[in-house]
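Residues per chain are reported as follows:
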Amino acid sequence: MSETTSTKTEKKLPLNGRRALPLNNSNAEENEVPEVETFGLMPRGFNPKDYLHVVDIHMFKESHEINKQQHHTDKYYSPKLIVRRGQAFHIQIDFNRPYKPGTDQFWLEYLIGRYPQQNKGTYIPVLLGDELKPGEWGAKITHKENNSIRLSIMSSATCIAGKFRLYIAVWTPFGILRTQRNSETDTYILFNPWCQQDAVFLDDEKEREEYVLNDVGVIFHGDINDIKLRSWSYGQFEENILDACLFLMDKAELELSGRGNPIKICRVASAVINSRDDNGVIAGSWDNTYTYGVAPSVWTGSVDILLEYYSSKQPVRYGQCWVFAGVFNTFLRCLGIPARVVTNYSSAHDNNANLQLDFFLDEEGKMDTKTTKDSIWNYHCWNEAWMSRPDLPVGFGGWQVVDGTPQETSDGMYRCGPASVQAIKHGHVCFQFDAPFVFAEVNSDIVYSRREKNGAQLIEKIDMTHVGKLIVTKEIGGDGMMDITEEYKFQEGSDEERLALETAVMYGVKKQIIQDTVYHPQTDVDMDFQVQKAILGSDFKVTITFKNKSHNNYSATTYFSGNIVFYTGVMKNEFKKRSFSVTLEPSSSSTCDVVIQSSEYLSELLDQASFHFFVTARINETGKILAVQKAAVLEIPTLHIKTQGETVAGREMSVIVEFTNPLKQTLENVTLRLEGPSVLRTMKKYFRQIPANSTLKWEAKCTPKRPGLRKLIASLNCDALRHVYGELNVQIQKP
């Protein structure tokens, strides 16, 4: 009774002079649909049971049945029917008597949201016909037996992605009779990369398996000289994740009628993935303090984050770029949009898209930290989503950059994309959305300049190759790395690269070498340095090499600066500085070593054990300055995972995680996490202390749900040590 009274009060919608109906932007809300809709006065003695009516509807929604098998949705842990748009699916209707095509008339109604309208695609009547047209709504009878009929239903290839309610309406001379609201017949309709008419159509089966159906991936981090990788559990098929992803679109208040368009979905999702202006999914933190939350390095996958947000409706703390990218990837793959996580090494930042990062030196050639505001991230992760771009000229469809990490505002919100990778490569940055920003991330120059006493600015060096040196993603069908730099930029120094740059400048990307500056590069002496690979907690050295290519004797005053940095390139503090003189003989090379001791850096170290070394040298005879900077990352110890006993679907198994503390100190308040899609939900274990050089062992029990090659992922976290990971591939046998 309470339901009907509440709908009576709801009927009186607030008057709005602008639109007849309120916005229809929630998939979760529903309207009440009448079971009997009369055409006028109802004759006395009218009994609905005298007419054809529906006794039962069979959805064939089990994962082993035809619908989920044909639609590649059998991996979703959901009792409801999940199909992909633009492809036929099957249902069976049981009537109270045999169906007579000549006299009986019925149709199907699919509804979404609270204010369904046919012209918005939120109310869809589906009539019976003789033939199904590809990519258009329709239904036909494929089988009749006794009181039952089987239907093949085709959905539109541009249909809204979301959860629809199904009603069956029967026509009688006096009115329309409808089935009751039944959540068992709810139908989720997703994007379909297997359908040629779908905007997200991808024509390679191996790519579809990787970019839509793979629920674990690899995210690359570290730095250009020391590439590291970690597994990430996307878990897009796990229980309630599909509902959580639909909730994100409700949270972003995306009009339901726009939810068939992957461009709109990506644009609003890139804003709602971060919490900056809309209380979105993840709160970012880059300052190494993670009060009231967990460090970004703790997460091993997206499932916990999405489910926590879905239940609490509050931002989950905390994330950094790979966490935003991992969760965004889950969202896209879950809805059926092909997606991958991309890492750009040496990513340019906060440089108001002027293609220039300025590093200022003082008179002696040391870096001036007060005036240098730009930073280079060791790496930055974003996503690519695959779709056609009918809003752009032909040729700019395919992979699109979308980025949920809050960096700059776009149209007033922290979001980025979709920006066509093809447009970025060719410098056509006039095409929406946010292409100039991404172009600058992969193409900026580093300009070292020094101000003289008289105010003149000297440019000491322009490094055109440091930024965007390597852009990678996970290879298809394996855990290796695929280099996709050439999809973003032409070969450094080639005519095509220069042309792309000129095109970008023509379309308004600012490119300026500051006026009133003099640039005479140093050509007869080269300087470089190498950082020795080292494990966290050990000493290592930095070797600086000079090469004098001239016939002159030179001497160089050299400054060495070692800094602890965030992976974003922002400096925390300088932990080592040295200055020394080097004599450079004609036509020869000379080297010198700077030793870094663990006691100098351990107490200061941040999350990702990142250093930034900056070496400048002034040639005393000419006054010329050489400058080189490099990031370096220490080797962080790993966790070891193994299984014990049999690994069979439906039977309990043991997983053992081991870790040896490599530091000369006791680790305190240590958290271990373990997860694996289809094998175990996230498990956590807390250890108060792990003494120096001691080993901890944790045995966890779980029951894998389904057979196949699965992945277990573990992380260890404490204040003194973060980004400790381990993983294991496990073949789960059939029972």
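Residues numbered from 1 in each chain as written. Predicted model: local features only at pLDDT ≥ 70, side-chain atom pairs only at ≥ 80, totals over all residues. Heavy atoms only, no water.

In the annotation of an unreviewed UniProt entry, the entry for the chain reads Coagulation factor XIII A chain, and the organism field reads Struthio camelus australis. Of the comments in the UniProt record for the chain, the one headed Sequence similarities (unreviewed entry) reads "Belongs to the transglutaminase superfamily. Transglutaminase family." (UniProt positions renumbered as here; feature names shortened; annotations may be inferred.)

Enquirer: Hey, could you run me through the domain arrangement of the chain in this one?
Expert: For an interface, size is often stated in terms of accessible area lost upon the parts coming together. Segmentation of the chain into domains returns domain 1 (36-41 + 48-190), domain 2 (205-507), domain 3 (525-633) and domain 4 (640-732). Distance from the C-alpha centre of domain 2 to the C-alpha centre of domain 3: 30 Å. Every contact between the two is made by 32 residues of domain 2 and, on the other side, 25 residues of domain 3. Between domain 2 and domain 3 we count zero salt bridges in total. Looking at the side of domain 2 that touches domain 3, the elements that each hand over two or more residues are strand E12 (216-223), strand E13 (226-233), helix H7 (321-335), strand E17 (356-361), strand E18 (375-387), strand E23 (445-451) and strand E24 (457-463). Here the side of domain 2 that touches domain 3 takes five residues from E18, the largest share from any one element. Residue composition of the side of domain 2 that touches domain 3, grouped by class: twelve nonpolar, ten polar and ten charged. (Domains from an automatic or database assignment. Contact = heavy atoms within 4.5 Å. Salt bridge = Lys/Arg side-chain N within 4 Å of Asp/Glu carboxyl O. Helix = DSSP H or I, 4+ residues; strand = E, 2+ residues; numbered from the N terminus. Nonpolar A, V, L, I, M, F, W, Y, C, P; charged D, E, K, R; others polar.)

Enquirer: Hey, could you run me through the confidence of the model for the chain in this one?
Expert: Reading fine detail from the predicted coordinates is not recommended where pLDDT is low. For the chain, per-residue confidence averages 90 on the pLDDT scale, and 95% of positions sit at 70 or higher. Counted against residues more than four places away or in other chains, residues 1-12, with its pLDDT under 50, gives four contacts. (pLDDT = per-residue confidence, 0-100.)

Enquirer: Looking at this structure, how should I read the packing of helix H5 (residues 262-272) against H7?
Expert: The relative placement of two packed helices comes down to the angle between their axes together with the axis-to-axis distance. Taken N-terminus to C-terminus, the directions of H5 and H7 make an angle of 150°; their axes are 11 Å apart at the nearest point. Taken as axis vectors, H5 and H7 run roughly antiparallel relative to one another. Crossing angle aside, the handedness with which H5 passes H7 is right-handed. Along the contact surface, H5 presents Ile265, Cys266, Ala269 and Ser270, while H7 presents Phe328, Phe331, Leu332 and Leu335. Taken together, the residues that form the contact of H5 with H7 break down as seven nonpolar, one polar and no charged. (Axes fitted to C-alpha atoms, helices over the stretch in contact; angles between N-to-C directions. Parallel < 35°, antiparallel > 145°, perpendicular 65-115°, else oblique. Left-handed = near helix turned anticlockwise from the far one by under 90°.)

Enquirer: In this structure, what is going on with the UniProt feature "active site" (unreviewed entry) in the chain? I would like to understand it.
Expert: Here, UniProt's "active site" (unreviewed entry) annotation points to Cys321, His380 and Asp403. With the annotated positions falling across 83 residues, the maximum pairwise C-alpha distance of 10.0 Å places them together in a single cluster. Tracing the backbone through its elements, the reader meets Cys321 in helix H7. Setting aside chain neighbours within four positions, we find Cys321 in contact with Trp286, Trp377, Tyr379, His380, Cys381, Thr405 and Tyr567.

Enquirer: Explain unusual backbone geometry here, please?
Expert: Backbone torsion omega between Arg317 and Tyr318 reads 5°, so that peptide bond is classified as cis. With respect to the helices and strands, Tyr318 occurs in strand E15 (residues 316-319). Residue Pro418 is reached from Gly417 by a cis peptide bond, and omega for that bond is 0°. Structurally, Pro418 can be placed in strand E22 (residues 416-420). Of note, His723 is a non-glycine position whose phi angle comes to about 60°, a positive value. Turning to its location among the elements, His723 is positioned in strand E41 (residues 721-732).

Enquirer: What am I meant to see in the UniProt feature "binding site: Ca(2+)" (unreviewed entry) in the chain here?
Expert: Residues given the UniProt feature "binding site: Ca(2+)" (unreviewed entry) here are Asn443, Asp445, Glu492 and Glu497. Over a stretch of 55 residues, the named residues converge on one spot in the fold, their C-alpha atoms separated by at most 13.4 Å. With respect to the secondary-structure elements, Asp445 resides in strand E23. Look at Asp445 and you get buried, because its relative accessible area is 7%. If we skip the residues at most four places from it in the chain, Glu497 touches Phe490, Gln491 and Glu492. (Buried < 20%, exposed > 50% of the residue type's maximum accessible area, 1.4 Å probe, protein only.)

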